[in-house]
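# Structural characterization, general
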Amino acid sequence: MDNVEEILDKLEKQHPDARCELYHNTPFQLLVATVLSAQSTDKSVNKVTVGLFEEYPDLDSFITLEIGDIEDKIRKIGLYKNKSRSIYNICRVLKSDFDGMVPCGEKELMSLPGVGRKTASVVRAVAFGIPAFAVDTHVFRVTRRIGLTEAKTPDKVSDDLMKLIPEDRWILSHHLFIFHGRRICKAKNPLCAECMVFEECMKIGL
DNA sequence: AACTCGGGGCA
DNA sequence: TGCCCAGAGTT
């Protein structure tokens, strides 16, 4: 794969507005926002977190909230019961096991309730600048179709992308793949006629 | 590997 | 209305 830069350039041209839309100011806020973003769009998550972080900016204020309080504040997001319980328990684990700080280790992050491989990658990359390429369903589908990787598991896809793509473009390309996955390279009924990297497509699952 | 959770967004 | 979703946990 020697035309990675070319593919990224095309995608950047197709999605000039691609960027991280998740609202956060601190590692703790990013962790909360990312947990809330599972199976929900960043836009709907932001509608909740902007006001929430205004009133409860950090762990010390969050830990005063009961599960029911959190449910009331994030009810607009899907899966809000699971997510409220996760946030509630995360606050207590951070207090008791991590001295009130957000850990930067993959194993430590994934030990937190509601934090899986994808959320851990995002927190590591965005909050701590640790080399990690978050692979969600869109990144997995798009990069495999475009032929950037033939790996069959998210972890191996992540490894391949980190080798292929220069580290300073990981964050941007991550969002390019997600935007492309949502707008053009959809799982079902993709808009191939509008796709600027159709020539490279391996047509997996089409 | 296959299920479940769930309100919003969108056709 | 009905279908899908910027995942994670459980079986």
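For the structure, check the block above.
These lines cover the structure that appears in this document, whether it is placed above or below. Model, not experiment: these values are computed from the prediction.

Conventions used here
- Residues numbered from 1 in each chain as written.
- Chains lettered and ligands numbered in written order.
- Predicted model: local features only at pLDDT ≥ 70, side-chain atom pairs only at ≥ 80, totals over all residues.
- Heavy atoms only, no water.
- Near = heavy atom within 4 Å.
- Polar contact = N/O pair within 3.5 Å; in protein donor to acceptor, adjacent residues only side chain to side chain.
- Helix = DSSP H or I, 4+ residues; strand = E, 2+ residues; numbered from the N terminus.
- Nonpolar A, V, L, I, M, F, W, Y, C, P; charged D, E, K, R; others polar.
- Phe/Tyr/Trp six-rings, centres within 6.5 Å; stacked < 30°, edge-to-face > 60°.
- Buried < 20%, exposed > 50% of the residue type's maximum accessible area, 1.4 Å probe, protein only.
- Lys NZ or Arg CZ within 6 Å of the ring centre and 35° of its normal.

Further remarks concern the protein's contact with DNA strand C. The environment of DNA strand C is made up of 20 residues, and the closest members are Gln39, Asp42, Thr119, His138 and Arg182. Contact distances for DNA strand C include 3.3 Å between a phosphate oxygen and a side-chain N or O atom of Thr137. Counting residues per element, the ones that place at least two in the surface near DNA strand C are helix H8 (117-128), helix H9 (137-146) and helix H11 (170-183). A total of three residues in the surface near DNA strand C trace back to one element, the largest contributor, which is H8. Class assignment of the residues belonging to the surface near DNA strand C gives a composition of six nonpolar, eight polar and six charged.

Around DNA strand B sit Gln39, Ser40, Lys47, Arg75, Lys76, Ile77, Gly78, Leu79, Tyr80, Lys81 and Asn82, and those are all the residues in its vicinity. Here, DNA strand B places atoms within 4 Å of the protein, and 64% of those atoms are sugar or phosphate. Backbone polar atom of Leu79 to a sugar or linking oxygen of DNA strand B: 3.2 Å apart, as the coordinates give it. In terms of residues, the surface near DNA strand B owes the most to one element, helix H6 (residues 80-97), which gives three residues.

Attention now moves to the packing of aromatic side chains. Overall, the coordinates contain six aromatic pairs when judged by the stated rule. A centroid spacing of 5.4 Å and a plane angle of 75° characterise the contact between Phe28 and Phe62, whose relative ring orientation is edge-to-face. Placement of Phe28 in helix H2 (residues 27-36) and of Phe62 in helix H4 (residues 59-62) is noted, with a sequence separation of 34 residues between them. Each member of the pair, Phe28 as well as Phe62, is classed as buried. The rings of Tyr23, Phe28, Phe53, Tyr56 and Phe62 are connected pair by pair, giving a single aromatic cluster. The aromatic ring of Tyr88 is capped on one face by Arg92, whose charged end is 3.6 Å from the ring centroid. Over the aromatic face of Phe198 sits the side chain of Lys203, whose NZ or CZ is 4.5 Å from the ring centroid.

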